[in-house]
Amino acid sequence: MQATRVIFKGKFDFGSPETVGRITRLLEPRILNLYKTDFPWKLEELLPEGTDQLVIKPESMHLTDRTWKHAIDGLEFMAQFALCGEVMAFQLGNTKKPGKVVRPNSEKAAVILYIHAMETDCMVSRRDLLDQTIDKYPAHSDALVARAHLEMEAGDLEAAISDLQRALERDPEHSGAMLAYAKCSYHIGDAEDALERLATTMKNSMPLEDIHWRARHLKSEIYQANAEYALAVKELKALLTRMDTQPKLLADVKKNVREAFAFCQEQLGEPGTFQVETVGKIKKPVLANATA
């Protein structure tokens, strides 16, 4: 049976070792009787004794379709017990279904409240639902990051940083929290800290993820603001090359990226490699989508 190269990455937060122990007891017979040898992980390595989280570092492997389906089924089974987090699975070379994201799907209050919060378009209701989510599970890193975005939009950077620090205490590799913290640092004038956090964001994410490229976009804006045009061009060129192969990638800032590239090339005395979509005088862009 032909195998396909796949990548798994992500984390589930179960809240306590006791919950993980329960999952292990339920998952073990499932693996033995249902998946048999067609499961890509050893249970003791996937959920070691004493842990309260599932952590899958970016991991590339070759799996048959059957093993892939069992892996997704196993992740969806564990998602029933998770309070927050997500696990991403990518099938490289599969253009029809290149990736799948598995998120918590239980009836637990912290899960339901967070889902409702992110579904509503009313920011007042979202804030209220996020507050309730965090009341139910104070270490809900995703809800803390989402609330920090609302605080950033309101200009309350102190509250946003406080929530982001709490999120990173629970999940030090949370790319969303690290990117948001970088934006806060940049807004308060600490470009050095922002660049360090962006480097961490890129390290903890993959080029398959949008957040990786949003980090590179902000990195280019910081370089441009510091008149480090050669460094900005390097980031913008990589971003534009990726956008040409993935038209939907960062579609909300595509025009800004092309204008910024042309502007930086102009400052270096070089013609733009990529054609700019607008005609006329190109102005230095301001920080775009700062709280996205």
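Residues numbered from 1 in each chain as written. Predicted model: local features only at pLDDT ≥ 70, side-chain atom pairs only at ≥ 80, totals over all residues. Heavy atoms only, no water.

### Some thoughts on the overall build of the chain
To be explicit about the condition: Working definition: helices are DSSP H or I runs of at least four residues, strands are E runs of at least two. Numbering for both runs from the N terminus. Summary of the burial criterion: residues with accessible area below 20% of their type's maximum are buried, those above 50% are exposed, and those between are partly exposed, where the area comes from a 1.4 Å probe applied to protein chains only. Whether two residues are in contact is decided by their heavy atoms: any pair within 4.5 Å suffices. Areas reported as accessible are Shrake-Rupley estimates using a 1.4 Å probe. Residue values count occlusion only from the protein chains shown. We treat Lys and Arg as the positive residues and Asp and Glu as the negative residues; His and chain ends play no part in the count. Here the site of a charge means NZ on Lys, CZ on Arg, CG on Asp, or CD on Glu.
Looking only at helices and strands, the chain features 12 helices and four strands. With the C-alpha coordinates aligned to their principal axes, the bounding extent of the chain is approximately 65 × 50 × 30 Å. Per-residue burial over the chain gives 50% buried out of 292 residues. A separation threshold of at least 6 residues defines the contact pool for the chain, and within that pool the share at least 24 residues apart is 63%. Looking at the chain as shown, the accessible area adds up to about 14900 Å², and 50% of this sits on carbon and sulfur atoms. Of the side-chain charges in the chain, 38 are positive and 43 negative, and the distance between the mean point of each set is 6 Å.

### Points about the state of the cysteines
Cut-off, in case you're wondering: In what follows, a disulfide is any cysteine sulfur pair within 2.5 Å.
On inspection of all chains with the given rule, the structure shows zero disulfides. Not part of a disulfide, Cys84 finds its nearest cysteine sulfur in Cys184, a span of 20 Å.

### Topic: unusual backbone geometry
One non-glycine residue, Ala227, lies in the positive phi region at around 60 degrees. As for its position among the elements, Ala227 is in the loop between helix H10 (210-225) and helix H11 (229-245).

### Regarding the pattern of salt bridges
Side chains carrying opposite charge are able to pair once their charged atoms draw close together. The line we're drawing: Salt-bridge detection follows one rule: a side-chain nitrogen of Lys or Arg within 4 Å of a carboxyl oxygen of Asp or Glu.
Following the criterion strictly, the structure yields 20 salt bridges and no others. For the salt bridge of Glu235 with Arg216, the shortest nitrogen-to-oxygen distance reads 2.7 Å. Taken as a pair, Glu235 in helix H11 and Arg216 in helix H10 lie far apart in primary sequence, 19 residues in all. One salt bridge connects Lys219 with Glu235, and the closest N-O pair in it is separated by 3.5 Å. On the criterion of sequence distance, the pair formed by Lys219 in helix H10 and Glu235 in helix H11 is long-range, its members being 16 residues apart. Under the relative-accessibility criterion, Lys219 is labelled buried at 15%. Overlapping salt bridges bring together Arg127, Asp131, Arg147, Glu151, Asp163 and Arg166 as one network.

### Some details on helix H6 (residues 141-153)
Note the following rule: Multiplying 1.5 Å by the helix residue count minus one yields the expected span of that helix.
In this model, H6 (13 residues) spans 19 Å end to end at C-alpha, consistent with the 18 Å of a helix rising 1.5 Å per residue. Burial within H6 is extensive, with 12 of its 13 residues counted as buried. When we look at burial in H6, the residues that qualify are Ser141, Asp142, Ala143, Leu144, Val145, Ala146, Arg147, Ala148, His149, Leu150, Glu151 and Met152. In the core, the buried residues of H6 are packed alongside strand E3 (84-91), helix H4 (109-119), helix H5 (123-136), helix H7 (157-170) and helix H8 (175-187). In the stretch just after H6, Gly155 is the one whose phi turns positive, near 85 degrees.

### Structural notes on the packing of aromatic side chains
Going by this rule: Between the rings of Phe, Tyr and Trp (Trp by its six-membered ring), a pair exists once the centres lie within 6.5 Å; its type follows the angle of the planes, with under 30 degrees stacked, over 60 edge-to-face, and the other angles tilted.
For the structure shown, the criterion picks out seven aromatic pairs. Seen in terms of ring centroids, Tyr229 and Phe263 are 6.1 Å apart; in terms of plane orientation they differ by 70 degrees. Their pairing is edge-to-face. You can see Tyr229 sitting in helix H11 and its partner Phe263 sitting in helix H12 (residues 254-267), a full 34 residues away along the chain. Each of the two residues, Tyr229 as well as Phe263, counts as buried. Ring pairing ties together the aromatic residues Phe8, Tyr35, Phe39, Trp41 and Trp68, which thus form one cluster.

### Describing the side chain of Glu235
The exposure class of Glu235 is buried, given its relative accessible area of 5%. Leave out the neighbours within four places in its chain, and Glu235 touches Arg216, Lys219, Ser220 and Tyr223.

### Some remarks on the pairing of E3
Operational definition: The rule for pairing is simple: two strands pair if DSSP sees at least two bridges between them.
By the criterion of burial, E3 is predominantly enclosed, with seven of the eight residues buried. The pairing of strand E1 (residues 3-13) with E3 spans eight bridges and is antiparallel. When the bridges of E3 are listed, Phe8 appears paired with Ala89.

### Observations concerning the sheet that holds strand E2 (residues 53-64)
The criterion, for reference: Axis definition: a line fitted to C-alpha atoms, limited for helices to the stretch in contact. Angles are taken between N-to-C directions and run from 0 to 180 degrees.
As summarised here, the arrangement of the four strands in space is E2-E1-E3-E4, forming an open sheet in which the pairing is antiparallel. Looking along the sheet, the strands with just one partner apiece sit at the ends: E2 and strand E4 (99-102). On average, adjacent strands in this sheet sit at an angle of 10 degrees to one another, irrespective of strand direction. The pairing of E3 with E4 spans four bridges and is classified as antiparallel. The partner of Ala89 across the bridge, within E4, is Lys100.

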